[in-house]
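# Structural overview for review
Residue strings, one per chain:
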Amino acid sequence: MINEMTEIQSLMQIQQLSLRYQQKLAFQDITLSIPQNSITAIVGPSGCGKSSFLTCLNRLSDLIPGCTVSGHIQLGTLNIRNPKINTTALRRRIGMIFQKPNPFPMSIEKNITFPLKEHGIKNAQERDRIVEQVLQDVGLWSEVKDRLQANALNLSGGQKQRLCIARTLALQPEILLMDEPCSALDPIASGIVEDLIISLRQKYNYTIIIVTHNLAQAKRIADYAALFWVDGSCGRLIEFAPAEQFFNAPNHELTQAYVNGIKG
Amino acid sequence: MVLILGFLLREALPILQSVGIKAFLTDKTWSPSQQSYNLVPMIWGTLFTATGAVLLATPLGIISALFCQYYAPKAIASGYRRLIELLAGIPSVVYGFWGLVVLVPLINQLHPPGTSLLAGILILTLMILPTIALVADATFAEVPQAYLLGAAAMGLSSWGTIWQIILPASKSGLFTGMILEIGRAIGETMAVLMVCGNVVQTPDSIFAPVRTLTANIALEMAYALDNHRSALFVSGLLLLSVIILLAIAAELVKWDRV
């Protein structure tokens, strides 16, 4: 007999993850499995450690002075917390989009080709092909194809953010981490980026972890949702569930209060 | 500043009126007692020592600042910074002294006489290094963290990040630093005077002794009279004009950035 309930494939397992800045705990004891090929939204009030949590997953937390992490993160066979792993290769597998769009101060084209060169793609034609492809993917190609040499800093906020997504896609990551990617954008640009995120999941089956404090947005795009909450001054995971259940019939009363807008 | 400029002009005017500007470039030699006022060898002297020192100090200073900002652990970086600041505060005569006792004999072993253009370049390099190193350090500190995090999050190598992101983003700051170090190199007197040999000649190799404009003034001012004295003021005027032009250039670069 065939089991109709296919087991959800989890791509990344996080166990008892804690992070502290100097003496202050930012979040504690987060245990969570990130489902493959889906969008996981992390919601919660500000200061609950959502963004700090994200930086642990690609080891960007290494660069923050005074920051110590404990716990376990497994990606396939790779133990992300192992200090000896090659973070360059890891960060190629796990792309990250920041709250404030941060294209490099160079041409639109070079924003994409320079990281490709760095990651060993020597063939210029191949790079040009990827540039066109990823700009198509993020819907920027028709807007910028005639000015690929223009400085990326002159793009609008939404265009900059889509360029940042494009240059990350160019490296073909397995997972995309997004830290409030729309919160610095105006509503129209925000809507465009949101649609883009959904299309990345639908067309290309990306696994996306998105941090947002916009509950409505989480509801529109997420397949799974996790609620972080500040307990004392330290973040904790309250509930993690499929979006349907999370928004309509949460197990935890705090989640209920939060999704109904009573708390947070 | 205006007062000094006015004073220089007043003192330089007599000779400018009596022999004209052209004489300073076309006279046969520099021998003021024979009414011969060719400044060209000294101009070359200043140009060669300053250029050589800037060419050496700029890359060294930038590398030192990169080390300080991006490679050194925090404690070492701040100690290193203090050291560079200290280096900037050493009196130039002490540099000259060190150059005379240590550097010149070394160069003498390589190629006599030792007191030479090379000695001048090396001493000047050491003296202007702190200027460019500190300016570059401050410039790199201003590179937005967002670029660096973005680069790290894409797994870019630190070399690629430095070459493609940090240096281009710091271009105008580094340029300002270069202008400042050029100014310092041109104006430096005591140390170069002590190690350069001070023979009035256009140098034909880096081992040849040279005399810079500043050294010329310092050496001859004490006994110069009349037109000779006035001619020294002309070279002072020339130096000041170059420095003013450099200051204006630095200002323009800063403007461009804002």
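To keep things clear, this report deals only with the structure shown in the data block. (Residues numbered from 1 in each chain as written. Chains lettered and ligands numbered in written order. Predicted model: local features only at pLDDT ≥ 70, side-chain atom pairs only at ≥ 80, totals over all residues. Heavy atoms only, no water.)

## Digging into the overall build of chain B
- In terms of regular secondary structure, chain B is built from twelve helices and two strands.
- Written out in order from the N terminus, the α and β elements of chain B read α-α-β-β-α-α-α-α-α-α-α-α-α-α.
- Residues counted as buried form 48% of the 258 residues belonging to chain B.
- Total accessible area on chain B is roughly 12900 Å²; 71% of this is exposed by carbon and sulfur atoms.
- In chain B, which carries 12 positive and 12 negative side-chain charges, the distance between the mean positions of the two groups comes to 3 Å. (Helix = DSSP H or I, 4+ residues; strand = E, 2+ residues; numbered from the N terminus. Buried < 20%, exposed > 50% of the residue type's maximum accessible area, 1.4 Å probe, protein only. Areas by Shrake-Rupley, 256 points an atom, 1.4 Å probe, with all protein chains shown as cover. Lys, Arg positive; Asp, Glu negative; His and termini not counted. Charge placed at Lys NZ, Arg CZ, Asp CG, Glu CD.)

## As for the layout of surface pockets
- Its volume calculated, the largest pocket comes out at about 890 Å³.
- For the largest pocket, the lining is made up of 30 residues, of which A:Leu63, B:Gln69, B:Tyr70, B:Gln145 and B:Leu148 are closest to its centre.
- Elements supplying a minimum of two residues to the lining of the largest pocket: α2 (87-93) of chain A together with α3 (40-71), α4 (74-89), α6 (117-141), α7 (145-153) and α8 (158-169) of chain B.
- Among the elements that line the lining of the largest pocket, the one with the most residues is α7(B), at five residues.
- Its residues assigned to classes, the lining of the largest pocket shows 19 nonpolar, eight polar and three charged.
- As for the second largest pocket, its lining consists of 14 residues, of which A:Gln133, A:Val134, A:Leu169, A:Ala170 and A:Gln172 are closest to the centre.
- If one sorts the elements of the lining of the second largest pocket by residue count, helix α4 (residues 124-137) of chain A sits on top with six residues. (1 Å grid on protein atoms, 1.4 Å probe; cavity = no way out; pocket = protein on both sides within 12 Å on 5 of 7 lines; lining within 4 Å. Points joined across faces, edges and corners; volume = space filled by probe spheres on them. Nonpolar A, V, L, I, M, F, W, Y, C, P; charged D, E, K, R; others polar.)

## What about the packing of α3(B) against α6(B)?
Residues and elements named next belong to chain B.
- Running from amino to carboxyl end, α3 crosses α6 at an angle of 35°, the nearest separation of the two axes being 6 Å. For the element pair α3 and α6, the recorded crossing hand is right-handed.
- Looking at side-chain class alone, the contact of α3 with α6 contains 23 nonpolar, eight polar and one charged residues. (Axes fitted to C-alpha atoms, helices over the stretch in contact; angles between N-to-C directions. Left-handed = near helix turned anticlockwise from the far one by under 90°.)

## Focus on the interface of chain B and chain A
- Every contact between the two is made by 16 residues of chain B and, on the other side, 22 residues of chain A.
- At the boundary of chain B with chain A, total buried surface from both sides reaches about 1600 Å², with 70% on carbon and sulfur atoms.
- At the junction of chain B with chain A, the criterion picks out zero salt bridges.
- Across the contact surface, chain B and chain A share five residue pairs in polar contact (both at pLDDT 80 or more).
- Breaking the side of chain B that touches chain A down by element, the ones donating at least two residues are α7 and α8 of chain B.
- Looking at which element gives the most residues to the side of chain B that touches chain A, the answer is α7(B), with seven residues.
- Considering only residue class, the side of chain B that touches chain A consists of ten nonpolar, six polar and no charged. (Contact = heavy atoms within 4.5 Å. Buried area = accessible area lost by both parts, 1.4 Å probe. Salt bridge = Lys/Arg side-chain N within 4 Å of Asp/Glu carboxyl O. Polar contact = N/O pair within 3.5 Å; in protein donor to acceptor, adjacent residues only side chain to side chain.)

## What about unusual backbone geometry?
- Here the amide bond leading from B:Pro112 into B:Pro113 is cis, since omega sits at 10°, within 30 degrees of zero.
- Note on placement: B:Pro113 falls in the loop between α5 (92-110) and α6.
- One non-glycine residue, A:Gln16, adopts positive backbone phi at about 45°.
- Take A:Gln16: it is sitting in strand β1 (residues 10-21).
- Judged by its relative accessible area of 52%, A:Gln16 is exposed.
- Phi is positive for A:Asp29, close to 55°, though the residue is something other than glycine.
- By secondary structure assignment, the location of A:Asp29 is in strand β2 (residues 24-35).

## Thoughts on the packing of aromatic side chains
All names here are of chain A.
- Counting across every chain of the model gives 13 aromatic pairs over all chains.
- Ring centres of Phe 53 and Phe 228 lie 5.3 Å apart, and the angle between their planes is 65°; this geometry places the pair in the edge-to-face category. One end of the pair, Phe 53, is in helix α1 (residues 50-57); the other, Phe 228, is in strand β9 (residues 224-231), and 175 residues separate them in sequence.
- Residue class for Phe 53 comes out buried when judged on its relative accessible area of 0%.
- Residue Phe 228 is classed as buried on the basis of its relative accessible area, which comes to 0%.
- For the pair Tyr 224 and Phe 240, a centre-to-centre distance of 6.0 Å together with 25° between the ring planes defines the contact as stacked. Of this pair, Tyr 224 sits in strand β9 while Phe 240 sits in strand β10 (residues 234-242), and the two are 16 residues apart along the sequence.
- Residue classification places Phe 240 among the partly exposed positions, given a relative accessible area of 28%. (Phe/Tyr/Trp six-rings, centres within 6.5 Å; stacked < 30°, edge-to-face > 60°.)

## Some words on the nonpolar core
- In this structure, A:Ile112, A:Leu135, A:Ile165, A:Met178, A:Leu200, A:Ile208 and B:Phe140 are the most contacted members of the largest nonpolar core, which totals 70 residues.
- Considering every element that reaches this core, the biggest residue donor is helix α7 (residues 187-204) of chain A, with five residues.
- In this structure, B:Val54, B:Leu129, B:Leu213 and B:Leu246 belong to the second largest nonpolar core, which totals 48 residues. (Core = buried A, V, L, I, M, F, W, Y, C linked by side-chain atoms within 4.5 Å.)

## Considerations on α7(A)
All names here are of chain A.
- In this model, α7 (18 residues) spans 25 Å end to end at C-alpha, consistent with the 26 Å of a helix rising 1.5 Å per residue.
- Within α7 the residues assigned to the buried category are Ala 189, Ser 190, Val 193, Glu 194, Leu 196, Ile 197, Ser 199 and Leu 200.
- Looking at the buried side of α7, the elements it contacts are β3 (39-43), α4, α6 (157-169), β7 (175-179), β8 (207-211) and α8 (215-221).
- Measuring from the side-chain oxygen of the N-cap residue of α7 to the backbone nitrogen of Ile 188 gives 3.0 Å; that N-cap residue is Asp 186.
- Phi turns positive one or two residues past the end of α7, at Asn 205, with a value near 60°. (Expected span 1.5 Å × (residues − 1).)

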